Amino acid sequence: MNWLITGGCGFIGARLIARLRAEGGHAIRVLDNLSVGSRADLDTVAEHTVHGLDRVPELTPEQPVQLLVGDIRDPAADRAAVQGVDVIVHLAANTGVIPSIESPDFDCETNVLGTVRVLEAAREAGVTRFVLASSGAPLGEQTPPIHEEKLPKPVSPYGASKLAGEAYCRVYHACFGTRTVALRFGNVYGPGSANKGSLVAKLIKQALGGERWTIYGDGTQTRDFIYIDDLIDAIVRAAQVQTGGEIFQIATGAETTVNEVADQLETQLQLQGVSVSRGNEPARTGEVLRNYADIGKAREMLGWEPSHTLASGLARTVEWFLEQRAS
Ligand SMILES: NC(=O)c1ccc[n+]([C@@H]2O[C@H](COP(=O)([O-])OP(=O)(O)OC[C@H]3O[C@@H](n4cnc5c(N)ncnc54)[C@H](O)[C@@H]3O)[C@@H](O)[C@H]2O)c1
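Residues numbered from 1 in each chain as written. Predicted model: local features only at pLDDT ≥ 70, side-chain atom pairs only at ≥ 80, totals over all residues. Heavy atoms only, no water.

K.L.:
When you look at the overall build of the chain in this model, what are you seeing that I'm missing?
P.N.:
A count of helical and extended segments in the chain gives 11 helices and 14 strands. Since a compact globule built from 327 residues should have a radius of gyration of about 20 Å, the 19 Å found for the chain is in line with a globular shape. Across its three principal directions, the C-alpha atoms of the chain cover 55 × 45 × 40 Å. Put simply, the chain has 327 residues, and 53% of those count as buried. Considering only contacts within the chain whose residues lie at least 6 apart along the sequence, 80% involve residues at least 24 apart. Carbon and sulfur atoms provide 49% of the accessible area of the chain, an area that totals close to 13,800 Å². The chain carries 30 positive and 40 negative side-chain charges, and their two centres are separated by 1 Å. (Helix = DSSP H or I, 4+ residues; strand = E, 2+ residues; numbered from the N terminus. Rg over C-alpha atoms; globule rule 2.2 N^0.38 Å. Buried < 20%, exposed > 50% of the residue type's maximum accessible area, 1.4 Å probe, protein only. Contact = heavy atoms within 4.5 Å. Areas by Shrake-Rupley, 256 points an atom, 1.4 Å probe, with all protein chains shown as cover. Lys, Arg positive; Asp, Glu negative; His and termini not counted. Charge placed at Lys NZ, Arg CZ, Asp CG, Glu CD.)

K.L.:
Sorry, what's going on with the pairing of strand E12 (residues 246-250) here?
P.N.:
One face of the sheet, then the other: side chains in a regular strand alternate in exactly this way. The buried count for E12 comes to four of five residues, which makes it a mostly enclosed element. For strand E7 (residues 179-185) and E12, the ladder comprises five bridges, and the chain directions are parallel. Bridge pairing links Arg-184 to Gln-249 in E12. (Pairing = 2+ DSSP bridges.)

K.L.:
Before we go on, may I ask you to explain the site of the ligand in this structure?
P.N.:
Around the ligand sit 29 residues, and of these Asp-32, Leu-91, Tyr-158, Lys-162 and Lys-196 come closest. Interatomic distance of 3.1 Å between a backbone N/O atom of Asn-33 and a nitrogen atom of the ligand. Contact with the protein chains hides 95% of the accessible area of the ligand, taken as 830 Å² for the molecule alone. When contributions to the shell around the ligand are tallied by element, the ones reaching two or more residues are helix H1 (11-23), strand E6 (129-135), helix H6 (157-176) and strand E8 (187-189). A per-element tally of the shell around the ligand places E6 first, with three residues. Along the lines of polarity and charge, the residues of the shell around the ligand split into 13 nonpolar, 12 polar and four charged. (Near = heavy atom within 4 Å. Polar contact = N/O pair within 3.5 Å; in protein donor to acceptor, adjacent residues only side chain to side chain. Nonpolar A, V, L, I, M, F, W, Y, C, P; charged D, E, K, R; others polar.)

K.L.:
Whenever I open this one, the pattern of salt bridges confuses me. Can you help?
P.N.:
Considering all chains together, one arrives at 13 salt bridges under this definition. With a closest N to O distance of 2.9 Å, Glu-109 and Arg-73 form a salt bridge. You can see Glu-109 sitting in helix H5 (residues 104-125) and its partner Arg-73 sitting in the loop between strand E4 (65-69) and helix H3 (75-82), a full 36 residues away along the chain. The class of Arg-73 is partly exposed, set by a relative accessible area of 24%. Between Asp-233 and Arg-237 there is a salt bridge; the shortest N-O distance is 3.4 Å. Pair noted here: Asp-233 and Arg-237 are both in helix H8 (residues 228-238), with a separation of four residues, about one helical turn. (Salt bridge = Lys/Arg side-chain N within 4 Å of Asp/Glu carboxyl O.)

K.L.:
Can you walk me through the packing of aromatic side chains in this structure?
P.N.:
For any pair of aromatic rings, geometry is given as the distance between the ring centres together with the angle between the planes. A complete count under the given rule lists three aromatic pairs for this structure. Between Tyr-189 and Tyr-227, the ring centres sit 5.7 Å apart and the planes meet at 65 degrees, which makes this aromatic pair edge-to-face. Here Tyr-189 is found in strand E8, whereas its partner Tyr-227 is found in strand E11 (residues 225-227), with 38 residues between them in sequence. Here the two residues Tyr-189 and Tyr-227 agree in accessibility, since each one is buried. Across from the ring centre of Phe-176, 4.6 Å away, lies the NZ or CZ of Arg-123, which sits over that ring. (Phe/Tyr/Trp six-rings, centres within 6.5 Å; stacked < 30°, edge-to-face > 60°. Lys NZ or Arg CZ within 6 Å of the ring centre and 35° of its normal.)

K.L.:
Honestly, H5 in this entry has me stumped. Any pointers?
P.N.:
Given 3.6 residues to a turn, an α-helix orients residues that are three or four positions apart in the same direction. A rise of 1.5 Å per residue sets the reference length of H5, with its 22 residues, at 32 Å; its end C-alpha atoms lie 31 Å apart and thus fit the reference within 8%. Along its length, H5 shows its largest kink, about 25 degrees, at Gly-114. Along H5, the residues classified as buried are Asp-107, Thr-110, Asn-111, Val-112, Gly-114, Thr-115, Val-116, Val-118, Leu-119, Ala-121 and Ala-122. Note on H5: the residue one or two positions beyond its end, Gly-126, has a positive phi of about 75 degrees. (Expected span 1.5 Å × (residues − 1). Bend = angle between axes of the 7 residues up to and from the residue.)

K.L.:
Even after reading the chapter, I still don't get the nonpolar core, so can you show me in this structure?
P.N.:
Nonpolar side chains in soluble globular proteins generally cluster together in the buried interior. Counting residues in each nonpolar core, the largest one holds 68 residues, and the members touching the most others are Ile-12, Leu-183, Ile-250 and Leu-265. With near-sequence residues (within four places) excluded, Leu-265 lies in contact with Val-200, Leu-203, Ile-204, Trp-213, Leu-314 and Val-318. (Core = buried A, V, L, I, M, F, W, Y, C linked by side-chain atoms within 4.5 Å.)

K.L.:
Teacher, can you tell me more about H1 here?
P.N.:
Given a rise of 1.5 Å per residue, 13 residues ought to cover 18 Å, and the 19 Å separating the end C-alpha atoms of H1 matches this to within 8%. All of the buried residues in H1 are Phe-11, Ile-12, Gly-13, Ala-14, Leu-16, Ile-17 and Leu-20. Phi for Gly-24, located one or two positions after H1, is positive at around 85 degrees.

As structure tokens, then:
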């Protein structure tokens, strides 16, 4: 297939590209404004060539990944990027709750307007498959497990903007027949997450930098942590599913406290000779207390199942960070 991956230089995008490259037979184009991910990040997974928006070559399998440096909010960049594409995996976003609270309008511009513009370019070009990276954030404060039938009650601008993205995906399916699928990712961790401020990456980076761990609140808040390769498998399946207008929770179904993750990481790091000191900071606004997902719908309709345990995933992630430090 011919893929457009928006935000393809980021954590999830780069790992998706690595997977598609390993599988073979795919042509890949990336649209990224390099605000977070970089050409060097893309280089770690695939050879690439950079193209101007006015001269985008045809997509051909096994050629280097095509990188278009541009912004999803720019309709001209979106129109250039979607040419000749079979499926769009839309990852580019203002990510995370805290940045969205700092600037709700920027969050909205990127995650709502940017998403509508990519959808619109897809419609104009006749691209029929579209996978949106959503999150648990649209659901907000809920009694878990969260699932697709729960009434969304976002508690952050990020939750609201991802919810709007989901709604537009549904609308583009209803009005224009685009096969849109929105995947609500759990907390993704794994190799390649050096740019991330999410829990696992942050704790490993702090430990390797000799800094004290900052855990917000008392650490009893829970999340559903999903290993990157399980997530990538779900994205690849969603890109091929014969349905549209659907939302899927993509997580593990396990409720894990922040303290449990910290304990397991401490053990892994100590095994590698890295010592850890721990401290707590006040809980942050907009973050939910409990969160884990019922993944029954993804199991049934995508035929998907996560296969990595938290222990094995954390061990691989620590190893990857240590390899990066060594190199
Ligand atoms: N990582 C997680 O735990 C997680 C959880 C839930 C949802 N998500 C969603 O998954 C997607 C990918 O997340 P990630 O962890 O890979 O993030 P990331 O920040 O590592 O990657 C995002 C990429 O998008 C690019 N980008 C940002 N704004 C852009 C714009 N306006 N135009 C073009 N490119 C732009 C950045 O340069 C970056 O390379 C996001 O939509 C995020 O909201 C991630």
